[in-house]
Amino acid sequence: MGAAMRRIHVGNALGAFGLGFTVPFLYVYVAQVRGLGSMTAGLVLAVFAVAALVVLPFAGRAIVLRGPLPVLLTALVTAAFGALSLGLASNATAVLLSAAALGAGQAVMQPALATMIVDCSMADTRSRAFATQFFLQNLGLGVGGLIGGHIVDTTRASSFTLLFAIEAAMFLVLVVIMATVRVPHAPRIKGDAPKAEGGSWKQLLGNRAMVQLSVLGFVLFFACYGQFESGLSAYGVEAAGISTSALGTAMAANTAMIVVAQFAVLKFVERRKRSRVIAAVGLIWAVAWLTAGYAGLGHGSQTMATAAFVSTYALFGLGEAMLSPTVAPLVADLAPTGLAGQYNSAFALVKQLALAVGPAVGGPMGASLHGPYVVTFLLFSLGITFLALRLGRQLSPVQNQPWLAKSRVVAQGGAAPAEPVRASA
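Residues numbered from 1 in each chain as written. Predicted model: local features only at pLDDT ≥ 70, side-chain atom pairs only at ≥ 80, totals over all residues. Heavy atoms only, no water.

**Student:** Got a minute to help me understand the overall build of the protein in this structure?
**Tutor:** Broken down by element type, the protein carries 19 helices and two strands. Scored against the burial criterion, the 425 residues of the protein give a buried share of 55%. Considering only residue pairs separated by 6 or more positions, the protein has 85% of its internal contacts joining residues 24 or more positions apart. When the accessible surface of the protein is split by element, carbon and sulfur atoms take 68% of a total near 17300 Å². (Helix = DSSP H or I, 4+ residues; strand = E, 2+ residues; numbered from the N terminus. Buried < 20%, exposed > 50% of the residue type's maximum accessible area, 1.4 Å probe, protein only. Contact = heavy atoms within 4.5 Å. Areas by Shrake-Rupley, 256 points an atom, 1.4 Å probe, with all protein chains shown as cover.)

**Student:** I would appreciate a short explanation of the pattern of salt bridges in the present structure.
**Tutor:** Pairing is possible between side chains of opposite charge, provided their charged atoms come close. Overall, the coordinates contain two salt bridges when judged by the stated rule. Here Arg274 ties to Asp333 by a salt bridge, and the two come within 3.0 Å at their closest N and O atoms. Residue Arg274 is found in helix α13 (residues 274-297), and its partner Asp333 is found in helix α15 (residues 327-334); the two are separated by 59 residues along the sequence. What makes Arg274 buried here is its relative accessible area of 3%. Since its relative accessible area comes to 1%, Asp333 is described here as buried. Among the charged side chains, a network of salt bridges with common partners joins Arg126, Arg274 and Asp333. (Salt bridge = Lys/Arg side-chain N within 4 Å of Asp/Glu carboxyl O.)

**Student:** Any chance you could explain the environment of Gly18 here in plain terms?
**Tutor:** You can see Gly18 is positioned in helix α1 (residues 3-22). With relative accessibility at 0%, the residue Gly18 sits in the buried group. As a C-alpha pair, Gly18 and Ala169 span 151 residues in sequence and 7.9 Å in three-dimensional space. Once you skip the residues sitting within four places of it in the chain, Gly18 turns out to touch Glu167 and Met170.

**Student:** When you look at empty space enclosed by the protein in this model, what are you seeing that I'm missing?
**Tutor:** A probe matching the size of a water molecule, rolled over the atoms, marks out where space remains unfilled. Inspection of every chain in the model, using the stated rule, returns one cavity of 30 Å³ or more. A class-by-class count of the residues in the lining of the largest cavity yields four nonpolar, two polar and four charged. (1 Å grid on protein atoms, 1.4 Å probe; cavity = no way out; pocket = protein on both sides within 12 Å on 5 of 7 lines; lining within 4 Å. Points joined across faces, edges and corners; volume = space filled by probe spheres on them. Nonpolar A, V, L, I, M, F, W, Y, C, P; charged D, E, K, R; others polar.)

**Student:** Looking at this model, I keep getting lost on the packing of α1 against helix α6 (residues 126-151). Mind explaining?
**Tutor:** Think of two packed helices as two axes; the pair is described by the angle between the axes and how far apart they sit. Taken N-terminus to C-terminus, the directions of α1 and α6 make an angle of 30°; their axes are 6 Å apart at the nearest point. As for how α1 packs across α6, the hand of that crossing is right-handed. Split by residue class, the contact of α1 with α6 holds 12 nonpolar, 10 polar and no charged. (Axes fitted to C-alpha atoms, helices over the stretch in contact; angles between N-to-C directions. Left-handed = near helix turned anticlockwise from the far one by under 90°.)

**Student:** Can you walk me through the packing of α1 against helix α5 (residues 92-119) in this structure?
**Tutor:** Packing of α1 against α5 brings their axes to within 11 Å, and their N-to-C directions diverge by 160°. Viewed along their axes, α1 and α5 adopt a mutual orientation that is roughly antiparallel. With respect to the hand of their crossing, α1 and α5 are arranged in left-handed fashion. Across the interface between the two elements, Met5, Ile8, His9, Asn12 and Leu19 of α1 pack against Gln106, Leu113, Met116 and Ile117 of α5. (Parallel < 35°, antiparallel > 145°, perpendicular 65-115°, else oblique.)

**Student:** Looking at this model, I keep getting lost on the environment of Tyr29. Mind explaining?
**Tutor:** In this fold, Tyr29 is placed in helix α2 (residues 26-33). The exposure class of Tyr29 is buried, given its relative accessible area of 0%. When neighbours within four sequence positions are excluded, Tyr29 is seen to be in contact with Arg34, Leu86, Gly87, Leu88, Ala89, Phe160 and Phe164.

**Student:** Can you walk me through the packing of aromatic side chains in this structure?
**Tutor:** For any pair of aromatic rings, geometry is given as the distance between the ring centres together with the angle between the planes. Following the criterion strictly, the structure yields 16 aromatic pairs and no others. Here a set of aromatic residues connected by ring pairs shows up, and it is made of Phe218, Phe222, Tyr235, Trp285, Trp289, Phe316, Tyr373, Phe377 and Phe380. Looking at Arg272, its charged tip hangs above the ring of Phe268, at a distance of 4.0 Å from the centre. (Phe/Tyr/Trp six-rings, centres within 6.5 Å; stacked < 30°, edge-to-face > 60°. Lys NZ or Arg CZ within 6 Å of the ring centre and 35° of its normal.)

**Student:** Sorry, what's going on with a nonpolar patch on the surface here?
**Tutor:** A cluster of nonpolar side chains, namely Leu139, Val143, Leu146 and Ile147, defines an oily patch on the protein surface of about 310 Å² accessible area. Assignment of secondary structure puts Leu146 in helix α6. Take Leu146: its relative accessible area is 55%, and that puts it in the exposed class. (Patch = residues over 30% accessible without salt bridge, like charges linked within 9 Å, V, L, I, M, F, W, Y side chains within 5 Å.)

Pasting the structure below:
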């Protein structure tokens, strides 16, 4: 990694570390500590999603026009202000407005950071760069949550104010680190989509491969991330009799699998077709849903049900580790020259839509329709495999197997098959 990439990764880890301090405790803080009730707490979570959906369509265009760094710095300052305000807010209006600022800032960080990673990497190193980002995000969230859990005290609102102040401080530290990054011109692979003259959504929708990847991405996030803290947890408690401590263990198993397996998995997926890797994730998640079915519907002992439920989250983590070096780099490689920011923002928008719809659909099903819930998301997982194989037919050989670009250089002893242009204007 170059100096710019190292700073991006360090900043990314610090940002995730700050988020880890508050994310697990947000509901308790609003509903109980501030005494605003479960309805207001639910509205806060909804505001996060709505804020993201509002700003992301504009964020992509801003990244294209201004570059990812100014957009990222603006998002970080906005998120820091929102976090500090949320820690001091004592009424529903202040809490909701603060949550909107924090949610908007967090949402814009994702495509801006992704575009900076694209600019600082080459086609054959991009998978490793995004895998490192995902690894550090989960490590930062886990460590932040662990430390925050020891600081927080539900009888003292000041302890929560401290958590949000730490989160705001991490965002401001990230501002300082990112301000020193000098983004180089990033080479792009050949076999890419045609160059674009504008950044319109119509143009993006005309890219068949990107449209298919967006549909696939929606199903991925809907069937996995959209169920973690809603449908799947409700199913575990209601159908499998999982205790809250066991639910926490399952979430920890998911994070531990990602942290432990990420780079071992990376060696496995780097030289395989991206479409087939995503298809394999669909099969792994199908096994995860079958395991969840055994936990809730198998009528075994409580110990076996708990073990199966924890294994379900671990299997999801294995699939996530396979996706991190696959999907995000593919979005970047599908983007026409100069539009990586808009493509990253569009994909982030798809993710937010899935994360908004997923809990709304999965939550009630997981709580009451146990059998249909498992069958539905088992079919969605198999749908991931089908959509991934179909997407593979739309990709060029180098888009599907980026290491081919490097191997051809070695074989020919020539210059890299890339044109040194900046991935975002």
